[in-house]
Structure formats: structure tokens, C-alpha cells
2 protein chains.
Amino acid sequence: MGGLMRRPTIMDIAKAAGVSKGAVSYALNGRPGVSEETRKRILGIARDLGWAPSSTARALSPGGRVGAIGLIIDRPAHSLGVEPFFMQLVSGIEMELAITGSDLLLQVTEDHEAEIGAYRRWFAERRVDGVIMVDLRVDDPRVALAEALPLPAVVLGGPHGAGPLPCLYTDDAASIREVVHYLAALGHQRIVRVAGPHGFVHTRDRTRAFEAASAEVGLADAVTVHADYTGEAGARTTRRLLARTERPTALVYDNDVMAVAGLGVAREMGVDVPGQLSIVAWDDSTLCRLVHPPLTAVARDVAACGREAARMLAEAIGGRAVRSRETARGELQPRGSTGPLAG
Amino acid sequence: MGGLMRRPTIMDIAKAAGVSKGAVSYALNGRPGVSEETRKRILGIARDLGWAPSSTARALSPGGRVGAIGLIIDRPAHSLGVEPFFMQLVSGIEMELAITGSDLLLQVTEDHEAEIGAYRRWFAERRVDGVIMVDLRVDDPRVALAEALPLPAVVLGGPHGAGPLPCLYTDDAASIREVVHYLAALGHQRIVRVAGPHGFVHTRDRTRAFEAASAEVGLADAVTVHADYTGEAGARTTRRLLARTERPTALVYDNDVMAVAGLGVAREMGVDVPGQLSIVAWDDSTLCRLVHPPLTAVARDVAACGREAARMLAEAIGGRAVRSRETARGELQPRGSTGPLAG
DNA sequence: CTCAGTTGCTGAACCGGTTAAGCGGCGATG
DNA sequence: CATCGCCGCTTAACCGGTTCAGCAACTGAG
């Protein structure tokens, strides 16, 4: 007990139990090949010794898993700080991983190329068993990459553009429709959507749905302007929109950070929310409830999405064919930032 | 080229080069034992084959490193979503890891016991070479644990309570002092600090510094109330404070999330900021600039802290003795949320 | 009583690297 | 000319697991 003990190995257990290495392995993995009595004895010794399998040794065997999955977030570092989405996602993923004792490798990259390179490295170095991909882009090269390596992958997004990869998608169109109908019912005629960058599949999908829904309720033109999810861009864009002579009476933002920034700008410019301007955020978070007035938002359970994606990935890693699934759709949470025009 | 290629190993390289496994290993690791000519040839073949070392195999060798470090965040999942601090920290850590090609294992736990268990598992399973510990507590059991396992660790915080572990600490006392003097100079007499939970070392350190600084400028009692870093708690606490008959004229929050929530409450209760109430946030983030008025904050470069901590950990893993270091201290960023009382 | 099948274990190969030890050939040295 | 030492490489062991083939002992059927 005095000095530093070497980490116990199955060989130590084997010696203590007076059996061979192989027998210990069978016993510990619940496989046939040892008597029930011997198994119990071996398990007892393993517990006493505080043994845990070396993940590296286990992974080395043919067909061995490393017991880790990867997630890469490719957003400018400064924008990322505030976005609650990813942390919620990570929490959800880890709930699932905790069950199997797997781990999450997280990487934050500055550009798309670095992200691709990171997947390549992870595969080549055998760092992960699979990955969850977020922020699917139009003609996303990651889809082909995952197939080519091959690296088990689940896409959070789609289903358009996910190709053969299993994906977990959300029917954003339905939510957009709900938002537009809601705002129209409040009497809004000039609704502008402040979206994320062009490249993302979900941006494009939402834009199309926004146009369709606007047509349904008889709005002349459904204008979508693009920003980059950062508070700065959200503020700048909002400032420009509110400076127009015919300024919009409702703004729909593609994330919570831009919506909060927009609210700040409205306040700064003396535009009353919701009296003169209604604001809707996408992806609810405590951030939306922190500000005053609290923001009406399209809420979905991001952690649950992460959990489900992790579950699907585990299946894919297990070699089973995984079917794409739809998540519960985002639901409109009306709060203080939306209402009819005052006066 | 047709079918699925097996991942190339050094054995494949050895065959192609007509040398032994060992020679290839020497060549790839830049060690003596092969001629410069042979080395070049081997490196060329390795590149052509797209070879990368299997991290699991490499880690298995005696003295081998797994090439990964761990970070555990022990905060309630819902609070965590919004807190920009951790994401900035992660970005910083990864800047450093990118240099050596190491990876980050991130875990989010619900309680302190789970965190301890995760370190144990990581060590036993040989998942990480070392860890960065945040949110140091008074009499933190993690300090003894890291020594006992032994698991290389760097503490972000301290230096009190970090014991023998190297730590990267910030002189919060100086910043607190700056804040108190600044507010006193603006004429504030009733300053209340909305702090994090009792258990944290930095909470205690700041409380002491707050009391000392208040005495310096002749404030009767320096009141600190405790919350849990969440927006909800920040809002609740602020509501209670502003409802007092002799309500505070300045509030200093221990994180940005509570400060933003506090601003929302002030607005909701019709208390003008900064006319009737000044607000100071700790740990600046874009969140503070998003709201209106933008929050005066104590800013420090969190990403740089993460980077430095990762650097220190790399040294510790390398077996060198690491000296604790001090970071640049937080600097007060005066913005719109602070000023003299109006009227 | 024989023979096949099962049970419970052992021994050894294997995964993909690292590294100590050994060894032939060469140039420099005495 | 013999010897020493170094260079450049090979061989083999090792890390800590998994897994297959083999084998002795026992069981049950014919």
C-alpha cells in the first residue's frame, strides 16, 4: 500500500485467481467459457483490485472500439461563446454517453477546411468511433468524406443534403408557418426574417418555408436578410432595418443571440417592443427569458436532440443500419416581445 | 484503389520501403538509427500512403501518452447553456492543443461526486494524460485525488486551496478593489454584490476583497448575497434587493448571466439603469454588449487563460515541475450600465 | 464400454506501435 | 594488420487487452 501502485491489468487478476489471461477476459466480458463460480471469483478480485479496462488496449484488438465519439463546432470563436445551443446539445449527448461509458471529443474549428482535416485526423489516428455532424451545408463535402473514410456519422439536420448518412431532422417549415400565421393574425404586414448564412441547409429550408407561408397569408414580399449568427451582425442588421422609412413591424431571427441583440438595438433607437416592433427568436434558451421583455421564441428540446443523435450514432457504430428520424417540432412560445401594434 | 482500404500501418510502410518495422518507427519519430536517405524515403512513403499513427497503439507502449486531456464542467445543465465563459475557455484550450495534435475530452456532470467519479474512470481507463480543473472549492477533494491517482492536473483558480497542484490564478482582489473605488467615486454608498455559491474559492476570495475595499472607501457594510450563477437566481435575488426600502444603488454580479438577468429585472421594475441603479458584471462577454445599456464589466481574456492552462498541463504531463502562474488581471470596462445617480 | 459432444480452461497469436539488444560492415586508430 | 567503435539496420520483446484453436475431463447416448 506504500508506494505508487501500477494500474492493475487482467494479468494481475489472472495471477491472483490462479487462472489464465483468457479466462479472465471471458469472465469480465460476460462471455461463455468459464464456470459461474470462477466468474464470480474473478469479478470479485477485479473489484478488489480496482481494475478498469485500458481503453487503449481494448481499442487495439481487431474490431475494437475506442469508446469515444467526436463533435466539431465550426463557428467563429467569439460568436460561439454566447450561443447556448451547443452547450445544451453537448449536455444531451453526454446523457446518452454516460450510459455506455463513452466519451465526447469536442473540437472548435475556425473554418470548414480545418473541420474536414480534423475528421480525417480522428479517423486516421483512430481517435473516435464516429461523429455527430451539425450545421449541414448545401453540397456539404463532409457527407462524401464520411462515406469515403469510412467514418460512422449522424447528421443533425437535413434530411435534404444528408445523402446516405442517417440524420435527425426537424420540420422547421411547420414552425415557420406557425410563426408567420401568428404574426399575421396580430396584424403585422411587414415581417422581415434575419437569417443565418446562406450556406446552411436549414437556412435555405427556412427561407423557402418563410416565403411559402407569407404567400399563404397574403403578404406581398417575404424578405429574408442574412447575418452570421453573431450579436454584432444581428445588431448591425437590425439597425439597418429599423432605419428604413417603411420599417418592418416584426422581425424573426434565426437564433437567440441575434434576437437579443436586435432587442437591444430597438431599445437604443427608441423603438418600443412590442408596441412598435415584435420580435421572435429561434431556438429558445434562458437567454430569451433573461431580457426584458422576454422574447417570444420557437422552442425545441435541443438536449433531447443531442441525446437522440448520440443514440443513433451508437447504433451506426454497432454496424446496424440506422433510419433517419424526425424530432419533435419547435413550438412557438409567445412571450412579451410580440403583440399587435400599439396606437 | 477499388475496395475499402485498410488503414495503413507502419508494417505496410516497412514492406514498401524494404526495411523493418523498427527502422520505420525510428524514421517517423525523428530518432537516430536510420540514415538520412532512408528516412526521407520512409517519410515519402508514409505520406503517399496517408499514414497516421494509431493513437491507441502508441498509447499502449510503456510511457506512451494518449494525446488527450480532459475538462469537466460541474454546473447544472440549464445554467450552463448560457454561460459564455466555458466556451471561451474551451476555444483557448484547443488553440494550444492544435499545436501538438492533442484532443479535448469534455464532460458535463450534474454533481461533484459524478465529477470525481469521472476523473477516476478517465485515469483507470487511461483516457487522458491529464486534466484541467475549474471551479476550485474550499477543501476541494479533487486536489488530493489528483495526487493520489496520480493524474497530472492544472487548476484554473487558487492559489489558495490548490495545494501542491500547479495553478493559474487571477488577482481578483485587485479588480474588486478597482470596481469598488470606481463606484464609490461615482457617489454610490449602497453597493451589494451578487456572488456565486459559497463553496468556491474564488467566491470567498472576492468576498474578502470586497469587504476590504469597501472599508477602504469608508462604506459601512459591504453586503454580499449568494446566488448560483443562473439567470433565474440572478433575477430572483435582484428582485428581492430592489424591493427593499433602502434599495442598493449599485449591484456587482459575479458573472455575466446574472448581471443581464438583473438588468432585465430593473427594467421590469421601472428602475432606470444607470440613472437609479448601476450594474457591473464579472467576466465580460458579447452578452454584456448585446443588451441595452451595455454592461460595465470586469473583462479578462478567458481564452488566453485556457490556452495558458493547457500549456502548463502539457509541461506537467511531460514530467517537468510546473510553477503556478498569475494571469493578467481583469480590467474594468466602463460602459452604459454605470454612472452617478440621476436627480 | 465406446464414442461423440459439451464444459471449462490454457496457450498463443494478434492489434500497431516503441524500444532495448544484437549484429555485420566500415573507417579510424594504435 | 588487428582492434575498437560507430553507423545503420534487424530481431524480438513488450504494452493490455481479445479471441481462436486445442485439450483434458466429464457427461450422456447407444
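Residues numbered from 1 in each chain as written. Chains lettered and ligands numbered in written order. Predicted model: local features only at pLDDT ≥ 70, side-chain atom pairs only at ≥ 80, totals over all residues. Heavy atoms only, no water.

In the region of DNA strand D, 28 residues are neighbours, and Ser25 and Tyr26 of chain A together with Ser20, Ser35 and Thr38 of chain B sit closest. When atoms of DNA strand D within 4 Å of the protein are split into backbone and base, the sugar-phosphate part holds 55%. Within the side chain of Asn29 of chain A, a nitrogen or oxygen atom sits 3.1 Å from a phosphate oxygen of DNA strand D. Thr38 of chain B places a side-chain nitrogen or oxygen 2.7 Å from a phosphate oxygen of DNA strand D. Contributing elements (two or more residues each) for the surface near DNA strand D: α2 (21–28) and α4 (55–60) of chain A together with α2 (21–28) of chain B. Residue contributions to the surface near DNA strand D peak at 4 residues, all from α2 of chain A. Residue composition of the surface near DNA strand D, by class: 13 nonpolar, 12 polar and 3 charged. (Near = heavy atom within 4 Å. Polar contact = N/O pair within 3.5 Å; in protein donor to acceptor, adjacent residues only side chain to side chain. Helix = DSSP H or I, 4+ residues; strand = E, 2+ residues; numbered from the N terminus. Nonpolar A, V, L, I, M, F, W, Y, C, P; charged D, E, K, R; others polar.)

The operation relating chain B to chain A is a screw motion whose rotation component is 180 degrees, with 0.0 Å of axial translation and a residual RMSD of 0.1 Å. Given the turn and translation reported, the copies of this chain are related as if by a two-fold rotation axis. Most of the interface of chain B is mirrored in chain A, where 100% of its interface residues are also at the interface. (Least-squares fit on C-alpha atoms with pLDDT ≥ 70 in both. Contact = heavy atoms within 4.5 Å.)

What follows is about the packing of helix α1 (residues 10–17) of chain A against α2 of chain A. All names here are of chain A. Between α1 and α2, the least distance of the axes is 8 Å, while the angle of their chain directions is 105 degrees. Taken as axis vectors, α1 and α2 run roughly perpendicular relative to one another. Contacts from Ile10, Met11, Ile13 and Ala14 in α1 reach Lys21, Val24 and Leu28 in α2. Residues belonging to the contact of α1 with α2 are distributed by class as follows: 6 nonpolar, no polar and 1 charged. (Axes fitted to C-alpha atoms, helices over the stretch in contact; angles between N-to-C directions. Parallel < 35°, antiparallel > 145°, perpendicular 65-115°, else oblique.)

Okay, the pairing of strand β1 (residues 68–74) of chain B next. Residue and element names in this part refer to chain B. Taken across its 7 residues, β1 has 7 buried, putting it largely inside the fold. Residues Ala68, Gly70, Ile72 and Asp74 line one face of β1 and the alternating positions Ile69, Leu71 and Ile73 line the opposite face, and both faces are buried. Judged from the 7 bridges that link them, β1 and strand β2 (residues 103–109) form a sheet pairing that is parallel. What sits directly across from Ile72, in β2, is Gln107. As judged from the 3 bridges shared by β1 and strand β3 (residues 130–133), these two strands associate in the parallel manner. Residue pairing across strands places Ile69 opposite Gly130, the latter belonging to β3. (Buried < 20%, exposed > 50% of the residue type's maximum accessible area, 1.4 Å probe, protein only. Pairing = 2+ DSSP bridges.)

What follows is about the interface of chain B and chain A. Contacts between chain B and chain A engage 53 residues on the former and 53 residues on the latter. Interface of chain B and chain A: buried area, both sides summed, is about 4,900 Å²; carbon and sulfur atoms make up 61% of it. Of all residues in chain B, Arg7, Met87 and Leu290 of chain B bury the most surface against chain A, accounting for 15% of the area lost on that side. In this structure, Asp103 of chain B and Arg121 of chain A form a salt bridge, with 3.0 Å as the shortest nitrogen-oxygen distance. Residues of the side of chain B that touches chain A, tallied by class, amount to 28 nonpolar, 14 polar and 11 charged. (Buried area = accessible area lost by both parts, 1.4 Å probe. Salt bridge = Lys/Arg side-chain N within 4 Å of Asp/Glu carboxyl O.)

What follows concerns the packing of aromatic side chains. Scanning the entire structure with this criterion turns up 6 aromatic pairs over all chains. Ring geometry for Phe85 of chain A against Phe86 of chain A: centres 5.2 Å apart, planes inclined by 90 degrees, an arrangement best described as edge-to-face. Exposure class is identical for Phe85 of chain A and Phe86 of chain A. Each is buried. Aromatic side chains Tyr119 of chain B and Trp122 of chain B sit 6.4 Å apart centroid to centroid with 80 degrees between the ring planes, which places their arrangement in the edge-to-face category. You can see Tyr119 of chain B and its partner Trp122 of chain B sitting in helix α7 (residues 112–124), 3 residues apart, about one turn around the helix. Side by side, Tyr119 of chain B and Trp122 of chain B carry an identical accessibility label, which is buried. Lying over the aromatic face of Phe123 of chain A, Arg7 of chain B brings its terminal NZ or CZ to 4.1 Å of the ring centre. (Phe/Tyr/Trp six-rings, centres within 6.5 Å; stacked < 30°, edge-to-face > 60°. Lys NZ or Arg CZ within 6 Å of the ring centre and 35° of its normal.)

Now for the protein's contact with DNA strand C. In the vicinity of DNA strand C there are 28 residues, among which Ser20, Ser35 and Thr38 of chain A together with Ser25 and Arg31 of chain B approach most closely. Backbone atoms, meaning sugar and phosphate, make up 55% of the atoms of DNA strand C lying within 4 Å of the protein. A distance of 2.6 Å is found between a phosphate oxygen of DNA strand C and a side-chain nitrogen or oxygen belonging to Ser25 of chain B. Between DNA strand C and the protein, one listed contact pairs a phosphate oxygen with a side-chain N or O atom of Trp51 of chain B at 3.1 Å. Put simply, the parts of the chain that give the surface near DNA strand C at least two residues each are α2 of chain A together with α2 and α4 (55–60) of chain B. Considering only residue class, the surface near DNA strand C consists of 13 nonpolar, 12 polar and 3 charged.

Turning to the sheet that holds strand β12 (residues 331–333) of chain A, a few remarks are in order. Residues and elements named next belong to chain A. Reading across from one edge, β7-β6-β8-β9-β10-β12 is the order of the 6 strands in this open sheet, with mixed pairing throughout. Looking at which strands have only one partner, the edges of the open sheet turn out to be β7 (223–226) and β12. With direction set aside, neighbouring strand axes in the sheet form an average angle of 20 degrees. Sitting on the sheet, helix α10 (residues 201–216) is in contact with β6 (191–195), β7 and β9 (278–282), with an inclination near 175 degrees to β6.

Distances and angles like these do not, on their own, reveal function.
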